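# A look at the structure
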Amino acid sequence: MNAAGPGGYRVPFARRGSVVGEADLAALAELVHSDGPLTSGVWRDRFEERFRELTGARHALSVTSGTVALEMAVRMLDLAPGDEVIATPQTFQATVQPLLDHDVRVRFCDIDPDTLNIDPVVLESLITDRTRAILLVHYGGLVADMDRIMALARRRGIIVVEDSAHALGARYRGRRPGALADIGCFSFHSTKNITTLGEGGMITLARDEWAERILRIRDNEADGVYAALPAGQADGPALLPWMKFADGVYRHRAVGIRAAGTNATMSEAAAAVGLVQLASLERFVARRREIAGRLDAAVSTVPGTRLHRAAPDSRHAYHLYTFFLTGGRQVRERFVRVLDALGVEVQLRYFPLHLSPEWRLRGHGPGMCPQAERIWFEEHMNLPCHPGLSDAQVDHMVTAVTRALHEAYDPAAPVGAARI
Ligand SMILES: *Cc1c(COP(=O)(O)O)cnc(C)c1O
């Protein structure tokens, strides 16, 4: 494998979040050489079944991306004008963006500065009689404080959506994301913990009614309320016995239509790879945790840093490796410059959403989530952490991080060190 990433980084942030190899190719070959359909076939059924077993969710339905899973989740909330939704500002924009299509009030909930997940104390203060739902993320693969959050939500009938795009392979007190709330959304994008060849997603659901709706919506049927007609009372022209599709349509009367359907069906090729990837999930997460352990050891030798860690009864999946540099912006700037010069690609995920143009236009802005703002603008750091990194790349990164930290905290040290 070529060790240099885009931009020539010796240690690239992430192009792929998992390893795609011979086993994935074998599944693809089996699919191609079979005479089965290339969509809506047995591979999809197997992938969903396995995903359901693994997460412990009641239903698991595959879709074309994590974004589509989140769009479907928001549809299931049946939001009405004036409703309120509480959301985390520290996430990828797809978590919250579907709300732009609804006339609802979004309340961004400030985060816990140690976990970057929503702070249950702030959350409680934001709940009103109009709160319909909570959209949260398990940041970086560290599961949010779900017992406290669910207790708050259950008492008031609020629906909780867990964006688990980072958290496949994580644990929370023995349980897994996807079954910790009412709806779970997963992504199999190229950089995620497993991939379905670049794009793909899954939605997990606690209610049968939601599963029935999404089965229709993702397959071009309208999101409607249907009533079965009594047998023999089809209101269309007389049907031929083999016309199964028309039979289904004519047997039902629409009582109401909520919205149009779409095509969000995962291809058989994607599902076949997903099934194989799922079998390697534990290995991929173990590698992420191994790299994170080495980075933690390097980072924690320097006073002034803080680690991003799961509680002892839970397991961080390290989709993102995160740590915090305290001591002000200058320290972080020096760190980034040295690390960049040493060929390690640094990224900061994510810019607080309440400061982004689309949410500012809706009345959000600076000062509304002080912890989220302070952390992102002063302390936040992400480093490469994915199974595609070789031992040599990890060794180089650990050396580079150690050196960059020392130079960052010691202004007398030379900045912009030569490549090591
Ligand atoms: C990747 C991601 C998504 C979107 O998933 P896609 O499959 O890329 O559409 C949503 N939320 C979070 C937190 C993500 O990281």
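Here is what the cut-offs are and how they apply
- Residues numbered from 1 in each chain as written.
- Predicted model: local features only at pLDDT ≥ 70, side-chain atom pairs only at ≥ 80, totals over all residues.
- Heavy atoms only, no water.
- Helix = DSSP H or I, 4+ residues; strand = E, 2+ residues; numbered from the N terminus.
- Expected span 1.5 Å × (residues − 1).
- Buried < 20%, exposed > 50% of the residue type's maximum accessible area, 1.4 Å probe, protein only.
- Arc of directions from axis to C-beta.
- Contact = heavy atoms within 4.5 Å.
- Near = heavy atom within 4 Å.
- Polar contact = N/O pair within 3.5 Å; in protein donor to acceptor, adjacent residues only side chain to side chain.
- Areas by Shrake-Rupley, 256 points an atom, 1.4 Å probe, with all protein chains shown as cover.
- Pairing = 2+ DSSP bridges.
- Axes fitted to C-alpha atoms, helices over the stretch in contact; angles between N-to-C directions.
- Core = buried A, V, L, I, M, F, W, Y, C linked by side-chain atoms within 4.5 Å.
- Domains from an automatic or database assignment.
- Salt bridge = Lys/Arg side-chain N within 4 Å of Asp/Glu carboxyl O.
- pLDDT = per-residue confidence, 0-100.
- 1 Å grid on protein atoms, 1.4 Å probe; cavity = no way out; pocket = protein on both sides within 12 Å on 5 of 7 lines; lining within 4 Å.
- Points joined across faces, edges and corners; volume = space filled by probe spheres on them.
- Nonpolar A, V, L, I, M, F, W, Y, C, P; charged D, E, K, R; others polar.

## A closer look at helix α10 (residues 329-341)
An ideal rise of 1.5 Å per residue puts 18 Å on 13 residues; α10 measures up with 18 Å between its terminal C-alpha atoms. Every buried residue of α10 is accounted for by Val331, Arg332, Arg334, Phe335, Val338 and Leu339. Projected onto a plane normal to the axis of α10, the buried residues spread over an arc of 160° and lie on a single side. Summarising the contacts, the buried residues of α10 are in contact with β13 (321-325), α12 (370-379), β14 (380-383) and α13 (391-409).

## With respect to the site of the ligand
Around the ligand sit 17 residues, and of these Gly66, Thr67, Asp163, Ser187 and Lys192 come closest. At 2.8 Å, a backbone N or O of Gly66 approaches an oxygen atom of the ligand. For the ligand, an oxygen atom lies 3.4 Å from a polar atom in the side chain of Tyr350. In the complex, the protein chains occlude 93% of the 380 Å² of accessible area that the ligand would expose alone. The element that contributes the greatest number of residues to the shell around the ligand is helix α3 (residues 66-76), accounting for three residues.

## Thoughts on the sheet that holds β13
Ordered by their spatial adjacency, three strands build an open sheet running β11-β13-β14, and the pairing between neighbours is antiparallel. Edge positions in the sheet fall to β11 (305-307) and β14, since each of these pairs with one other strand and no more. The average undirected angle you get between the axes of adjacent strands in this sheet is 35°. Where β11 and β13 come together, three bridges link them in antiparallel fashion. Each residue of the ladder has a partner; that of Thr305, found in β13, is Leu325. Strands in contact with α10 are β13 and β14; relative to β14, the strand with the most contacts, it is inclined by about 15°. The strands that α13 touches are β11, β13 and β14; relative to β13, the one it contacts most, it runs at about 15°.

## Some thoughts on the nonpolar core
With 45 residues, the main nonpolar core has Leu99, Ile183 and Ile203 as its most contacted residues. Residues contacting Leu99, with those up to four places away along its chain left out, are Val74, Leu79, Val85, Val104, Val106, Leu135, Trp359 and Arg362.

## Quick notes on the domain arrangement of the protein chain
It is common to report an interface's size as the accessible area lost on association of the parts. The domains assigned to the protein chain are domain 1 (22-218 + 262-277), domain 2 (228-256) and domain 3 (282-409). Each of domain 1 and domain 3 has a C-alpha centre, and the two are 24 Å apart. Each partner contributes residues to the interface: domain 1 has 38 residues there, and domain 3 has 38 residues. At the boundary of domain 1 with domain 3, the tally comes to three salt bridges.

## So, unusual backbone geometry
Cis peptide bonds are those with omega within 30 degrees of zero, and the linkage from Arg349 to Tyr350 qualifies with 10°. Note that Tyr350 resides in the loop between α10 and α11 (357-360). One non-glycine residue, Ser40, lies in the positive phi region at around 50°. Its location among the elements puts Ser40 in the loop between α1 (22-33) and α2 (42-55). Of note, the phi angle at Tyr318 is positive, near 50°, even though the residue is not glycine.

## So, the confidence of the model for the protein chain
For the protein chain, per-residue confidence averages 93 on the pLDDT scale, and residues scoring 70 or more make up 92% of the total. Mean pLDDT across the elements of the protein chain bottoms out in helix α7 (residues 244-250) (64) and peaks in strand β7 (residues 183-187) (99). Taken together, the stretch residues 416-420 has pLDDT below 50 and engages in 16 contacts with residues farther than four places along the chain or on a different chain.

## Quick notes on the pattern of salt bridges
This structure, assessed with the given rule, holds 27 salt bridges. Close ionic contact of Asp391 with Arg287 constitutes a salt bridge, the shortest N to O distance being 3.1 Å. One end of the pair, Asp391, is in helix α13; the other, Arg287, is in helix α9 (residues 281-299), and 104 residues separate them in sequence. When its relative accessible area of 52% is taken as the criterion, Asp391 is described as exposed. Accessibility expressed as a relative area gives 15% for Arg287, which makes it buried. Because the salt bridges share partners, they merge into one network encompassing Asp78, Arg213, Asp223 and Arg258.

## Section: empty space enclosed by the protein
In this structure the tally under the stated criterion is two cavities of 30 Å³ or more. If you trace the largest cavity, you find it lined by Phe13, Ala14, Thr191, Arg288, His319, Leu320, Tyr321, Arg349, Leu383, Pro384, Cys385 and His386. The volume enclosed by the second largest cavity comes to roughly 40 Å³. Around the second largest cavity, the lining residues are Leu54, Thr55, Ala167, Leu168, Gly169, Ala170, Arg176, Pro177 and Phe186. When its residues are assigned to classes, the lining of the second largest cavity shows six nonpolar, two polar and one charged.

## Points about the side chain of Asp163
Tracing the chain through its elements places Asp163 in strand β5 (residues 159-163). At 2.7 Å, the side chain of Asp163 forms a polar contact with the side chain of Thr95. Discounting residues that sit within four places of it in the chain, Asp163 has contacts with Leu70, Thr91, Thr95, Leu136, Val137, His138 and Cys185.

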